[in-house]
Amino acid sequence: MDNRQELNRNLAQMLKGGVIMDVTTPEQAKIAEAAGACAVMALERIPADIRAAGGVSRMSDPAMIKGIQEAVTIPVMAKCRIGHIAEARILEAIEIDYIDESEVLSPADDTRHIDKTKFAVPFVCGARDLGEALRRIGEGATMIRTKGEPGTGDVVQAVRHMRKMQSEIRRVTSLREDELYEAAKELAAPLDLVKYVHANGKLPVVNFAAGGVATPADAALMMELGAEGVFVGSGIFKSGDPAKRAAAIVQAVTNWQDAKLLAKLSENLGPAMVGINADEIETIMEERGK
Amino acid sequence: MKTGVLAVQGAFAEMSAYWRAKGADTFEIRQRRDLERDFDLLALPGGESTVQGKLLNDLGLFGPLKERIEHGLPVFAVCAGLILLADLFKLLPVTVKRNAYGRQLGSFTTVGMWDGHPGTKMTFIRAPAITSVAPNVEVLSTFNGQPTSVKWNNITAFTWHPELQLEKQNHKKY
């Protein structure tokens, strides 16, 4: 592994135990930073609005992203379309701290992801199971997140993906060494990465939860299931009192094991985002890119 | 030795592993009641200093920790931890510039002299720089003439990440 990949994995390690928040303006970025976000995701429309608007969804305007970079001192991430090498190069050129090669945007390539080893800038990618996570890491992703259905406020898919990934990790850990070749075939994942999981009982990169997290309890649930931090997309700025909800989710991630504190944090947060059930929607974003 | 690792946000698991490898017992400090335990070293991990600073206040950890550090509790701090000691606790007389090497594309590794080892690998992740130090602060390592680790009474603090070397050995093959 080259030095750049290592440095990029290291940055994700510094984000652990934190909350990464979607923001669409410098003002929202400042609110997120003050509430305790460990990074922000700069995008023109949050996933709930992307879903409502329909049509093709693309990388955000670099001018808008730069405005957010100037507004905060914490890392700034931005999304490019799956397989869109040129969008990724543009984001690298404006010195984004992390690129999310994201299924929330319309895919530019329906079979291939970007060869992320060719970039100096780090990438986070979504994954629904262990095989998908290891394929993305093989392509150079230095951080993984679940692909919970974005913009729904429904945490069910993020739970499904995290549970599946963790149980597959436990299974790989329990195999005999001579069974790893077959496991790599079944998972459709690089053998060296399967061997890493077998030896270490975890992914070689940081693993966050994303998709449908709307409450402190949702965040605590994802930490309980093995997430090392959470992304909150529409859940904050689609709610009644974004600053208060954001700060409560940040504290919930740190003290997810303390139910009394979680009860206090959950009090009087105002209305959560309305949300739609993930099985009532037409566009299934988690199916994008495998 | 018993090490309390501040675990409100950041790379606290790596910091705990680093001290366990040195033979210490470690536990995580996530809220005020964790401070009821006895410990003889406080470790402040890397992460985002704005987040950690806010949580120290929100969780009521700031006052009690400041008091203990003032009373001589040994502290080992990296990156965000150094920023907290200098700018929030105001217990380390150095001036710090945050994100001094720029955004993530400015993160780098170098090899330098530390603790008698000339080949020490030093990893800087969106690192701060120490731009000046008070007269009695001992400088332990430098990069381009600027201090990158310092010792002041009971405090040892780094702008780079000694705790990440452990994991790196493990990752080499992959």
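The paragraphs below set out a description of the structure included in this document. Everything numeric in this text was worked out from a predicted model, so none of it was measured. (Residues numbered from 1 in each chain as written. Chains lettered and ligands numbered in written order. Predicted model: local features only at pLDDT ≥ 70, side-chain atom pairs only at ≥ 80, totals over all residues. Heavy atoms only, no water.)

**Things to note about the overall build of chain B**
The line we're drawing: Secondary structure counts use DSSP, requiring at least four H or I residues in a row for a helix and at least two E residues in a row for a strand, with both numbered from the N terminus. The size measure is the radius of gyration over C-alpha atoms, and the globule rule it meets is 2.2 Å times the number of residues to the 0.38 power. Only protein chains enter the accessibility calculation, which uses a 1.4 Å probe; a residue is then buried when its area is under 20% of its type maximum, exposed when over 50%, and partly exposed in between. Here a residue-residue contact requires only that any non-hydrogen atoms of the pair lie within 4.5 Å. Areas reported as accessible are Shrake-Rupley estimates using a 1.4 Å probe. Residue values count occlusion only from the protein chains shown. Counting rule applied: Lys, Arg positive; Asp, Glu negative; His and chain ends not counted. To locate a charge, take atom NZ for lysine, CZ for arginine, CG for aspartate or CD for glutamate.
What chain B contains, in helices and strands, is 5 helices and 11 strands. Against the 2.2 N^0.38 benchmark of 16 Å for 174 residues, chain B shows a C-alpha radius of gyration of 15 Å, consistent with a compact globule. Across its three principal directions, the C-alpha atoms of chain B cover 40 × 40 × 30 Å. Buried positions account for 57% of the 174 residues belonging to chain B. Contacts in chain B between residues at least 24 apart in sequence constitute 64% of all its contacts with a sequence separation of at least 6. Here chain B displays about 7100 Å² of accessible surface, and carbon together with sulfur accounts for 49% of that area. Side-chain charges in chain B split into 20 positive and 16 negative, and the spacing between the mean points of these groups amounts to 6 Å.

**Some words on the pattern of salt bridges**
Side-chain pairs of opposite charge can arise whenever the charged atoms involved come near each other. Inclusion rule: Should a side-chain nitrogen of Lys or Arg be within 4 Å of a carboxyl oxygen of Asp or Glu, the pair is scored as a salt bridge.
Tallying each qualifying case throughout the model produces 27 salt bridges over all chains. Between Asp-258 of chain A and Arg-33 of chain B there is a salt bridge, and its shortest N-O distance comes to 3.9 Å. Within this pair, whereas Asp-258 of chain A is found in the loop between helix H12 (242-254) and helix H13 (259-266), its partner Arg-33 of chain B is found in the loop between strand E2 (25-29) and strand E3 (41-44), the two belonging to separate chains. Since its relative accessible area comes to 13%, Asp-258 of chain A is described here as buried. Note that Glu-28 of chain B is salt-bridged to Arg-30 of chain B, the shortest N-O span being 2.8 Å.

**Regarding helix H1 (residues 3-15) of chain A**
All names here are of chain A. For clarity, the threshold we go by: Helix span is expected to be 1.5 Å times the residue number reduced by one.
Over its 13 residues, H1 extends 19 Å from the first C-alpha to the last, a length consistent with the 18 Å expected when each residue adds 1.5 Å. Buried residues dominate H1, accounting for 12 of its 13 residues. Here H1 has its buried residues at Arg-4, Gln-5, Glu-6, Leu-7, Asn-8, Arg-9, Asn-10, Leu-11, Ala-12, Gln-13, Met-14 and Leu-15. Looking one or two residues beyond H1, the residue adopting positive phi is Gly-17, at roughly 70 degrees.

**Re helix H4 (residues 62-71) of chain A**
Given 3.6 residues per turn, any residue in an α-helix points the same way as the ones three and four places further on. Residues and elements named next belong to chain A. Put simply, the rule reads: As used here, the arc is the angular range of directions from the helix axis to the C-beta atoms.
Among all positions in H4, only Met-64, Ile-65, Ile-68, Gln-69 and Ala-71 are buried. Projected onto a plane normal to the axis of H4, the buried residues spread over an arc of 165 degrees and lie on a single side. Residues of H4 that are exposed and angled more than 90 degrees away from the buried face: Ala-63 and Glu-70. Those residues of H4 that are buried are in contact with strand E1 (19-23), helix H2 (26-35), strand E2 (39-42), strand E3 (76-81) and helix H5 (85-93).

**Notes on the sheet that holds strand E11 (residues 155-158) of chain B**
Residue and element names in this part refer to chain B. Definition in use: Strands are treated as partners if at least two bridges between them are detected by DSSP. Axis lines are fitted through C-alpha atoms, for helices just across the contact stretch, and the angle between N-to-C directions can take any value from 0 to 180 degrees.
Here we have 7 strands laid out as an open sheet, ordered E2-E1-E3-E4-E11-E10-E9, and mixed in their pairing. On the outer flanks of this sheet lie E2 and strand E9 (138-143), each paired with one strand and no other. The average angle at which neighbouring strand axes cross in this sheet is 20 degrees, direction not considered. Bridge count between strand E1 (residues 2-6) and E3: 3 bridges; the pairing is parallel. Looking at E3, one finds that Val-5 is bridged to Ala-43.

**Structural notes on the packing of aromatic side chains**
The geometry of an aromatic ring pair is captured by two quantities: the separation of the ring centres and the angle between the planes. Residue and element names in this part refer to chain B. For the record, the criterion: Pairing of aromatic side chains requires ring centres within 6.5 Å, counting the rings of Phe and Tyr and the six-membered ring of Trp. Pairs whose planes differ by under 30 degrees are stacked, by over 60 edge-to-face, and all others tilted. Criterion for a charge above a ring: Arg CZ or Lys NZ at most 6 Å from the ring centre, at most 35 degrees from the ring normal.
Inspection of the entire model under this criterion finds 17 aromatic pairs over all chains. Pairing Phe-158 with Trp-160 gives two aromatic rings, centres 5.2 Å apart and planes at 90 degrees, and the pair type is edge-to-face. By the ring-pair criterion, three or more aromatic residues cluster together here, those being Tyr-18, Trp-19, Phe-76, Trp-114, Phe-158 and Trp-160. The ring centre of Trp-19 lies 5.9 Å from the NZ or CZ of Lys-22, which sits over that ring.

**Side note on the pairing of strand E7 (residues 117-124) of chain B**
Pairing of strand E6 (residues 108-114) of chain B with E7 of chain B, which is carried by 6 bridges, proceeds in the antiparallel orientation. By the bridge assignment for E7 of chain B, Val-111 of chain B is matched with Lys-121 of chain B.

**Comments concerning the sheet that holds strand E7 (residues 206-208) of chain A**
Backbone hydrogen bonds hold the strands of a sheet together, and the pairing may be parallel or antiparallel. Residues and elements named next belong to chain A. Taken in spatial order, the 8 strands of this open sheet run E7-E6-E5-E4-E3-E2-E1-E8, and their pairing is parallel. A strand with exactly one partner marks an edge of an open sheet, and here the two such strands are E7 and strand E8 (230-232). Strand-to-strand, the axes of this sheet are offset by a mean angle of 30 degrees, without reference to chain direction. For E3 and strand E4 (residues 98-102), the ladder comprises 5 bridges, and the chain directions are parallel. Bridge assignment links Met-77 to a residue of E4, and that residue is Tyr-98. In this fold helix H6 (residues 130-138) packs onto strand E5 (123-127) and strand E6 (143-146), with an angle of close to 160 degrees to the strand it touches most, E5.

**Thoughts on the nonpolar core**
All names here are of chain A. What counts is decided by this rule: Remark: nonpolar core denotes a set of buried residues (Ala, Val, Leu, Ile, Met, Phe, Trp, Tyr, Cys) joined through side-chain atoms within 4.5 Å.
Counting 111 residues, the largest nonpolar core has Met-143 and Met-222 as the members making the most contacts within it. Excluding residues within four positions of it along the chain, Met-222 makes contact with Val-155, Ala-158, Val-159, Met-162, Ala-209, Val-213, Ala-227 and Val-230. Cys-125, Ala-127, Met-165 and Ile-169 belong to the second largest nonpolar core, which has 22 residues in total.

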